[in-house]
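Coordinates in review
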Amino acid sequence: MLLKVTDIHVHYGHVAALKGISLEVEEAGFVTLIGSNGAGKSTTLRAISGLDHPSAGVIVFEGERIERLSADKIVRLGIAHVPEGRRVFKDLTVTENLLLGAFTRDDQAEIEKDLEAVFEHFPRLRERKDQSARTMSGGEQQMVAIGRALMSRPKLLLLDEPSLGLAPVIVQEIARILVEINKRGVSVVLVEQNAELALELAQHGYVLETGNIALEGKASGLMDNDHVRKAYLGI
Amino acid sequence: MELILQFIINGLIQGGFFALFAVGLVLIFGVMSVVNFAHGELVMIGAYTIWLLHAQNGFGFIPAIFVAVMLVTIIGLLMERFLFRPTRDDPLAGLICSIGVLFILQVVATLVGGDGPSKQVPPPFHGTLVLFDFLRIPYQRIFSLVVSVGALSLLWYFLTRTKLGWALRAVALDREAAALQGININRISMIAIGVGGALAGLAGALMAPLTNINPHMGHNVIITAFIVTIVGGVGSLSGAVLAAVLYALFHTFVTVYFGGTVATICGLILMVVVLIVKPTGIMGVRVSE
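Residues numbered from 1 in each chain as written. Chains lettered and ligands numbered in written order. Predicted model: local features only at pLDDT ≥ 70, side-chain atom pairs only at ≥ 80, totals over all residues.

**A few points about the overall build of chain B**
Summing up its helical and strand segments, chain B has 11 helices and 2 strands in all. Walking chain B from its N terminus toward its C terminus, one meets helices and strands in the order α-α-α-α-β-β-α-α-α-α-α-α-α. In terms of C-alpha radius of gyration, chain B reaches 19 Å, essentially the compact-globule figure of 19 Å for 289 residues. By principal-axis analysis of the C-alpha atoms, chain B measures approximately 60 × 45 × 35 Å. Taking all 289 residues of chain B together, 48% fall into the buried category. (Helix = DSSP H or I, 4+ residues; strand = E, 2+ residues; numbered from the N terminus. Rg over C-alpha atoms; globule rule 2.2 N^0.38 Å. Buried ≥ 20, exposed ≤ 12 C-beta atoms within 10 Å, placed from the backbone.)

Below, the structure written as structure tokens:
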């Protein structure tokens, strides 16, 4: 198992955001967390990447406990987090943003290669590589955020609502690229409000409700589940 | 015409000093979200070092500048490690700590130099460059201008052309997103305050032969730095440099006709007007989207 999260609790002040979440991600697995606003999806990702620290519970990545490590150390182990709202560095150019994604690496030649690979994935970014990220559309910023995460050569990619506020065409493009990334052996944890899309892409799904896992199972199975269909797919 | 040219030259030289300490204040605020009220005292310590080593003990001027820069850098690093880092989650605590440092450094300066009249450092560079028969620029001031411009150019190169410089700007823009790229925030904070401290020490050292040195000279420095930072746009380094030069020209001009006190009052009025009319400053960008 690449990542194993066991019974984590996260508190913001006195408010419990996570009340015992457990989940697993296999090598090259594609997992999605679905659920409504405030269910704890983002917090789960933040706990894995070290932005928030659980008050209880264990997170093991490649056999190493990481729940107490700071975010900058966790990146070095091979976990990249594309945060909610994209959070690109707006005053920096596209290339500078992407190269900062490789901040932990020293292998100059390989970094150049990966930069080229990101431009292959997102040809639009190549056209705009010297433009500041501020001047780009939401979809393009999302591409920068994903590209930046890939530049660290992650084994595990965490994505928080990559489709939010984007046009359907762009959402499809990003979905296609996520599948491609996953096919090349990178494990993915996708947090989405768009449950239909998420369950289509993922192999395994978890349904979060008020800080707990309400349901889990094969993505195809969840798609047929009555509760999921009513509550999240609107069918 | 001749007078105006002379104003411009003097204003540019003054602007170099202003930019050196204002840029440091902006860097520290950007990366650490701390308003360093002791920044003026860092400049003062730089000037005192020159007085003590060069004027009192016969050290060479240039080696004394290096010592001043090193000393103030170290003070800055200590402030980061022992004051700003532990209080990072509470910007108000950092600010109050910096005010504490302000008073401590003033007392230290008084202990070292006594509380008598202001100290003077005889300019180590003699002579005056005369251009077109009417422009008179003392070599001391030319030296200061060249060094200020050189230091600011190095800083610009660092911030725009090196990966560590990008990382520093990234932390200033979004600390969490920067941490997610593997950037160690503590290390970047130390670099920011180290660079800010070095520039403040350099400003103090360069100003030493051109100003009155006393434990309270940091007062004018911090007021100027605030005016420049706010007019330039909080968080904008290029705005701070531009505002430093513009404000220096303005200050020089008003000082000649109405005196330094009136010039500073005008500067503060300017700052208040900018805060009310265009709080983002001349180069600042809106924080919310």
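**A few points about the overall build of chain A**
Tallying secondary structure elements over chain A gives 10 helices and 10 strands in all. Its C-alpha atoms give chain A a radius of gyration of 17 Å, within 12% of the compact-globule value 18 Å for 235 residues. Expressed as a percentage of the 235 residues in chain A, the buried residues total 47%. Within chain A, contacts between residues separated by at least 24 positions form 65% of all contacts whose residues are at least 6 apart in sequence. (Contact = placed C-beta atoms within 7 Å.)

**Quick notes on the confidence of the model for chain B**
Averaged over chain B, the pLDDT score is 88; the fraction of residues at 70 or greater is 98%. The ipTM assigned to the predicted complex is 0.93, against a pTM of 0.88. (pLDDT = per-residue confidence, 0-100.)

**Remarks on unusual backbone geometry**
Residue and element names in this part refer to chain A. One non-glycine residue, Ala 28, lies in positive phi territory at about 60°. Mapped onto the secondary structure, Ala 28 falls in the loop between strand 2 (15-25) and strand 3 (30-35). Look at Ala 28 and you get partly exposed, because 15 C-beta atoms sit within 10 Å.

**Observations regarding the interface of chain A and chain B**
Each partner contributes residues to the interface: chain A has 21 residues there, and chain B has 15 residues. For the side of chain A that touches chain B, the secondary-structure elements that each account for two or more residues are helix 2 (71-77) and helix 3 (94-101) of chain A. Of the residues that constitute the side of chain A that touches chain B, the class distribution is 9 nonpolar, 5 polar and 7 charged. (Nonpolar A, V, L, I, M, F, W, Y, C, P; charged D, E, K, R; others polar.)

**So, the sheet that holds strand 4 (residues 56-61) of chain A**
All names here are of chain A. Strand order in the open sheet formed by 4 strands is 2-1-4-5, and the pairing between neighbours is antiparallel. Two strands close off the open sheet at either side, each with one partner strand: strand 2 and strand 5 (64-65). Sheet topology places strand 4 next to strand 5; 2 bridges connect them, and they run antiparallel. Residue Phe 61 lies in a different strand from strand 5, and its bridge partner there is Glu 64. (Pairing = 2+ DSSP bridges.)

**Section: the pairing of strand 2 (residues 135-138) of chain B**
All names here are of chain B. Judged from the 4 bridges that link them, strand 1 (residues 128-131) and strand 2 form a sheet pairing that is antiparallel. When the bridges of strand 2 are listed, Leu 129 appears paired with Ile 137. Connecting the antiparallel pair strand 1 and strand 2 is a turn made up of 3 residues, with Phe 132 showing a positive phi of about 50°.

**Things to note about the pairing of strand 7 (residues 156-160) of chain A**
All names here are of chain A. Burial analysis of strand 7 places 5 of its 5 residues in the buried class, which makes it a mostly covered element. In strand 7, alternate side chains face the same way, and those of Leu 156, Leu 158 and Asp 160 on one face and Leu 157 and Leu 159 on the other are all buried. For strand 6 (residues 79-82) and strand 7, the ladder comprises 4 bridges, and the chain directions are parallel. Looking across to strand 7, one finds that Ala 80 is bridged to Leu 157. Note: strand 7 against strand 8 (residues 187-192), 5 bridges, orientation parallel. Among the inter-strand pairings, Asp 160 is bridged to a residue of strand 8, identified as Val 191.

**Considerations on the sheet that holds strand 3 of chain A**
All names here are of chain A. The strand order across the open sheet built from 6 strands is 6-7-8-3-9-10, with neighbouring strands paired in mixed fashion. With partners counted over all chains shown, the strands left at the sheet margins are strand 6 and strand 10 (212-218), one partner each. Pairs of neighbouring strands in the sheet enclose a mean axial angle of 15°, with direction left out of account. Its contacts with the sheet put helix 6 (residues 138-150) on strand 6 and strand 7, and the angle it makes with strand 6 is roughly 170°. The strands touched by helix 7 (residues 168-183) are strand 3, strand 7 and strand 8; relative to strand 8, the strand with the most contacts, the crossing angle is about 155°. (Axes fitted to C-alpha atoms, helices over the stretch in contact; angles between N-to-C directions.)

**Describing the environment of Tyr 206 of chain A**
Residue and element names in this part refer to chain A. Tracing the sequence through the fold places Tyr 206 in strand 9 (residues 204-209). In sequence terms Tyr 206 and Val 191 are 15 residues apart; their C-alpha atoms lie 9.7 Å from each other. Every residue in contact with Tyr 206, bar those within four places of it in the chain, is listed here: Leu 23, Leu 33, Ile 213 and Glu 216.

**Thoughts on the environment of Lys 129 of chain A**
Note that Lys 129 of chain A resides in the loop between helix 5 (123-127) and helix 6. Not counting residues within four places of it along the chain, the set of residues in contact with Lys 129 of chain A comprises Thr 93, Val 94 and Thr 95 of chain A.

**Side note on helix 2 (residues 39-56) of chain B**
Residue and element names in this part refer to chain B. Between its terminal C-alpha atoms helix 2 stretches 25 Å, which fits the 26 Å expected from 18 residues at 1.5 Å a residue. For helix 2, a buried count of 16 out of 18 residues is recorded, marking the element as mostly surrounded by other parts of the structure. Within two residues after helix 2, Gly 58 carries a phi angle of roughly 70°, on the positive side. (Expected span 1.5 Å × (residues − 1).)

**Considering the packing of helix 6 (residues 163-173) of chain B against helix 8 (residues 185-207) of chain B**
Residue and element names in this part refer to chain B. One can describe the packing of helix 6 onto helix 8 by two numbers: an axis separation of 10 Å at closest approach and a directional angle of 100°. The angle between helix 6 and helix 8 places the two elements in the roughly perpendicular class. Two secondary-structure elements touch here, helix 6 through Leu 164, Ala 167, Leu 168 and Val 171 and helix 8 through Ile 185, Ile 188, Ile 191 and Ala 192. Partitioning the contact of helix 6 with helix 8 into residue classes produces 8 nonpolar, no polar and no charged. (Parallel < 35°, antiparallel > 145°, perpendicular 65-115°, else oblique.)

**Digging into the environment of His 39 of chain B**
All names here are of chain B. Relative to the helices and strands, His 39 resides in helix 2. Judged by the 29 C-beta atoms lying within 10 Å of it, His 39 falls in the buried class. Discounting chain neighbours no more than four positions away, the residues touching His 39 are Phe 21, Gly 24, Leu 25, Ala 200, Ile 222 and Ala 225.

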